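Architecture at a glance
In case you want the letters, here they are:
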Amino acid sequence: MTPYYITTPIYYVNDRPHIGHAYTSLAADVLARWKRMQGRDVFFLTGTDEHGQKVEKAAQDAGEEPQAFVDRVSTSFRELAVAMGFSEHTFIRTTEPRHYAACQALWLKLRDAGEIYKGEYAGWYAVRDEAFYGPDELVERDGQKFAPSGAPVEWVSEPSWFFRLSAWQDRLLALFDANPEMIAPPSRRNEVMAFVRAGLQDLSISRASFRWGVPVPDDDQHVMYVWIDALTNYITALGYPDTENPDWRYWPADVHMVGKDILRFHAIYWPAMLMAAGLAPPRRVFAHGWWTNEGQKISKSLGNVIDPLALVADFGLDPVRYFLLREVPFGQDGDFSRRSLTHRLNGELADVLGNLANRTLSLIQRNCGGLLPDGPVAAEDAAILDALPGLPEAMDGFLDRQEFHLALEDVFRHIRAANGYITVAAPWSLKKTDFGRMEAVLRHLHTALRTYATVLMPFMPTSMDQLLAQLGVPEEARNLAGLATPLPAGTLLPPPSPLFQKVELPA
């Protein structure tokens, strides 16, 4: 099986998880599940970023030691993964001994190659972002300078180790030119290309002003700057520096899934560091957009942070998973509203998909004794049946481009066509006039539903697994390869039950 490696960013543990964390991990989870359904050998990584000045300060504010603080907060991200049904292979923490070893091995590799040196750093630093910014990137309000993210910055001057990023400008541009799909979506690629063409400065990769981090080898005054520490997690999880480790076969990553605010670190700094260490860069970095809440920017100060666990409690897990990837083109910013989520649940999941499944399976129960019928294909069946074999291939194309909303839109176009088909064929009326034709129509609807449920499994694993069970599909056949083997006529189907519960529109 061809290996496939998908990662989320590791999430910073200075606060509890919110909808942004769930959104990134959900996209990665859908890709991981889809590739597994294709028979790929998948490694899906997520975890927590537990070092840095912000974490040290948050621990102090909480009256805890940093390790105790990160142990506690990291647990909430594990709980999110369970609650959202994420299927990660490994959950990594940057306070693990194996990660210290990987970071220090990478550091020594870079140092021995002449790619890092010690100097003095002075610049505008945002504690909240753990990032330095150039003067041209800042805005000033009421005497305070702010980074593009809105974080306040302060002038920092201290000794630092540097990575020779400036030497990698031409090589990075050559990499991007040779791999036009490496950075996505296209608007983000354009941003990265413009940033690199404008000229790169050497990158500060250590700090001496705090102690909570991975120690720099042979320099007890410095800890590694959070971005070299955090980015190394992607190879730590695969056994680095032991490239004989069986998990090393997954490198390079097929997709690093990130938010747009950390694209520069993943698409510029990380590939340069990897190539400087003699390692392959990732194949693709995809940067998605941000959510607003009912038209407002999300912030703790406004009290409008969206808790994904509360959404799951109110609407159910699969409707929330479906909505987050259906509502907005992945890569663009989007606005969350409970009204929109309610419309998606009631209008598409319950009325379009749920109603088609319930009508079809209820008719098989009542009219065929719960036994899967069979029948010939008539001319009027072709529009529905002929489209089914191409649906998985179309889905694969959408998902390889991370066009999740288009994938779902395409499936529901087929499902709406099937609703039109059942309305025109009217199998409830055929029972009295042409029983054989009724059986054929129900069989064709069953075939269509099986295909729809299978390709939707990565998005809504629980409810689609329930639907496939109601369709009588054995567990081992609930994958793309299983679609090639029709269920035998006469298969006993269990009584159907509703897949989705409607909710009332918010006042």
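Report on the accompanying structure. (Residues numbered from 1 in each chain as written. Predicted model: local features only at pLDDT ≥ 70, side-chain atom pairs only at ≥ 80, totals over all residues. Heavy atoms only, no water.)

1. What to know about the overall build of the chain
Across its full length, the chain holds 18 helices and 19 strands. Against the 2.2 N^0.38 benchmark of 23 Å for 507 residues, the chain shows a C-alpha radius of gyration of 26 Å, consistent with a compact globule. Overall, the C-alpha framework of the chain stretches about 90 × 50 × 40 Å when taken along its three principal axes. A separation of at least 24 residues holds for 76% of the contacts in the chain among residues at least 6 apart in sequence. (Helix = DSSP H or I, 4+ residues; strand = E, 2+ residues; numbered from the N terminus. Rg over C-alpha atoms; globule rule 2.2 N^0.38 Å. Contact = heavy atoms within 4.5 Å.)

2. Here's the deal with empty space enclosed by the protein
Applying the stated criterion across every chain yields a total of one cavity of 30 Å³ or more. What the largest cavity holds in volume is close to 50 Å³. Surrounding the largest cavity, Tyr11, Ser25, Thr46, Gly47, Phe77, Leu80, Ala81, Phe86 and Phe91 form its lining. The element that contributes the greatest number of residues to the lining of the largest cavity is helix 3 (residues 66-83), accounting for three residues. Tallied by class, residues from the lining of the largest cavity come to six nonpolar, three polar and no charged. (1 Å grid on protein atoms, 1.4 Å probe; cavity = no way out; pocket = protein on both sides within 12 Å on 5 of 7 lines; lining within 4 Å. Points joined across faces, edges and corners; volume = space filled by probe spheres on them. Nonpolar A, V, L, I, M, F, W, Y, C, P; charged D, E, K, R; others polar.)

3. Points about the packing of aromatic side chains
Under the criterion given, the structure shown has 20 aromatic pairs. Ring plane angle 55° and centroid distance 5.4 Å describe the contact between tyrosine 322 and phenylalanine 412, whose orientation is recorded as tilted. One end of the pair, tyrosine 322, is in helix 11 (residues 317-326); the other, phenylalanine 412, is in helix 15 (residues 404-425), with 90 residues separating them in the sequence. Residue tyrosine 322 is classed as buried on the basis of its relative accessible area, which comes to 0%. (Phe/Tyr/Trp six-rings, centres within 6.5 Å; stacked < 30°, edge-to-face > 60°. Buried < 20%, exposed > 50% of the residue type's maximum accessible area, 1.4 Å probe, protein only.)

4. Quick look at the sheet that holds strand 19 (residues 334-336)
Read across the sheet, three strands follow the order 18-17-19 without closing on themselves; strand pairing throughout is mixed. Across the chains shown, the open sheet's two edge strands, defined by having one partner strand only, are strand 18 (296-297) and strand 19. Looking at chain direction, strand 17 (residues 291-293) and strand 19 are connected through three bridges and run parallel. Bridge assignment links tryptophan 291 to a residue of strand 19, and that residue is glycine 334. (Pairing = 2+ DSSP bridges.)

5. Let's talk about the environment of asparagine 355
Mapping asparagine 355 onto the fold places it in helix 12 (residues 338-368). As for asparagine 355 and glutamate 475, which are separated by 120 residues in sequence, their C-alpha atoms are 23 Å apart.

6. What to know about unusual backbone geometry
Following alanine 184, the chain continues to proline 185 via a peptide bond in cis, the omega torsion being -5°. Within the secondary structure, proline 185 is located in the loop between strand 10 (183-184) and helix 6 (186-197). Omega for the bond connecting tyrosine 240 with proline 241 falls within 30 degrees of zero, at 10°, which places this linkage in the cis form. Looking at the secondary structure, you find proline 241 in the loop between helix 8 (233-236) and strand 15 (255-259). Even without a glycine there, the phi angle at alanine 426 is positive, about 45°. Structurally, alanine 426 is set in the loop between helix 15 and helix 16 (427-433).

7. A short note on the packing of helix 2 (residues 53-61) against helix 3
The geometry of helix 2 relative to helix 3 is characterised by a closest axis approach of 9 Å and an angle of 95° between their N-to-C directions. It follows that helix 2 is roughly perpendicular to helix 3 by the angle criterion. Contacts from Val55, Ala58 and Ala59 in helix 2 reach Pro66, Phe69 and Val70 in helix 3. When the residues that make up the contact of helix 2 with helix 3 are grouped by side-chain class, the tally is six nonpolar, no polar and no charged. (Axes fitted to C-alpha atoms, helices over the stretch in contact; angles between N-to-C directions. Parallel < 35°, antiparallel > 145°, perpendicular 65-115°, else oblique.)

8. A short note on the packing of helix 10 (residues 308-315) against helix 12
Direction vectors running N to C along helix 10 and helix 12 enclose 40°, while the axes themselves pass 12 Å from each other. Taken together, helix 10 and helix 12 sit at an angle that is classed as oblique. For the pair helix 10 and helix 12, the sense of crossing is right-handed. From helix 10, Leu311, Asp314 and Phe315 reach across to helix 12, where they touch Arg338, Leu341, Thr342 and Leu345. Taken together, the residues of the contact of helix 10 with helix 12 break down into four nonpolar, one polar and two charged. (Left-handed = near helix turned anticlockwise from the far one by under 90°.)

9. Some points on the nonpolar core
The biggest cluster of nonpolar side chains holds 91 residues, and the ones touching the most others in it are Ile6, Leu325, Phe404, Tyr452, Leu456 and Phe459. It is helix 12 that provides the largest number of residues to this core, a total of twelve residues. For phenylalanine 404, the contacting residues outside a window of four places in its chain are Ala27, Val30, Leu31, Met257, Leu325, Phe330, Leu399 and Phe459. By size, the runner-up hydrophobic cluster in this structure holds 86 residues, among which are Val13, Leu45, Tyr133 and Leu138. (Core = buried A, V, L, I, M, F, W, Y, C linked by side-chain atoms within 4.5 Å.)

10. Things to note about the environment of aspartate 400
Mapped onto the elements, aspartate 400 comes out in helix 14 (residues 390-400). On a C-alpha basis, the gap between aspartate 400 and glycine 347 in space is 28 Å, while along the polypeptide they are 53 residues apart. Excluding residues that lie within four positions of it along the chain, aspartate 400 makes contacts with Lys35 and Arg284. A distance of 2.8 Å separates polar atoms of two side chains, one belonging to aspartate 400 and the other to lysine 35. (Polar contact = N/O pair within 3.5 Å; in protein donor to acceptor, adjacent residues only side chain to side chain.)

11. What about the sheet that holds strand 9 (residues 154-163)?
Taken in spatial order, the four strands line up as 6-5-9-11 in an open sheet, and their pairing is antiparallel. Two strands bound the open sheet, and with one partner strand each, they are strand 6 (131-133) and strand 11 (203-204). Pairing analysis gives three bridges linking strand 5 (residues 116-126) to strand 6, with the strands arranged antiparallel. Considered in strand 6, the bridge of tryptophan 124 is made with tyrosine 133. Here helix 9 (residues 263-276) sits on the sheet and contacts strand 6, strand 9 and strand 11; the angle it forms with strand 9, its principal contact strand, is near 30°.

12. Observations regarding the pattern of salt bridges
This model, assessed by the stated rule, comprises 31 salt bridges. A salt bridge links arginine 437 to glutamate 380; the nearest nitrogen and oxygen atoms lie 3.5 Å apart. One end of the pair, arginine 437, is in helix 17 (residues 435-456); the other, glutamate 380, is in the loop between helix 12 and helix 13 (382-385), and 57 residues separate them in sequence. Judged by its relative accessible area of 15%, arginine 437 falls in the buried class. Aspartate 410 is the salt-bridge partner of arginine 413, the closest N and O atoms lying 2.5 Å from each other. Here the residue arginine 413 and the residue aspartate 410 both occupy positions in helix 15, the gap between them amounting to three residues, near one helical turn. Taking relative accessible area as the criterion, arginine 413 reaches 51% and is therefore assigned exposed. (Salt bridge = Lys/Arg side-chain N within 4 Å of Asp/Glu carboxyl O.)

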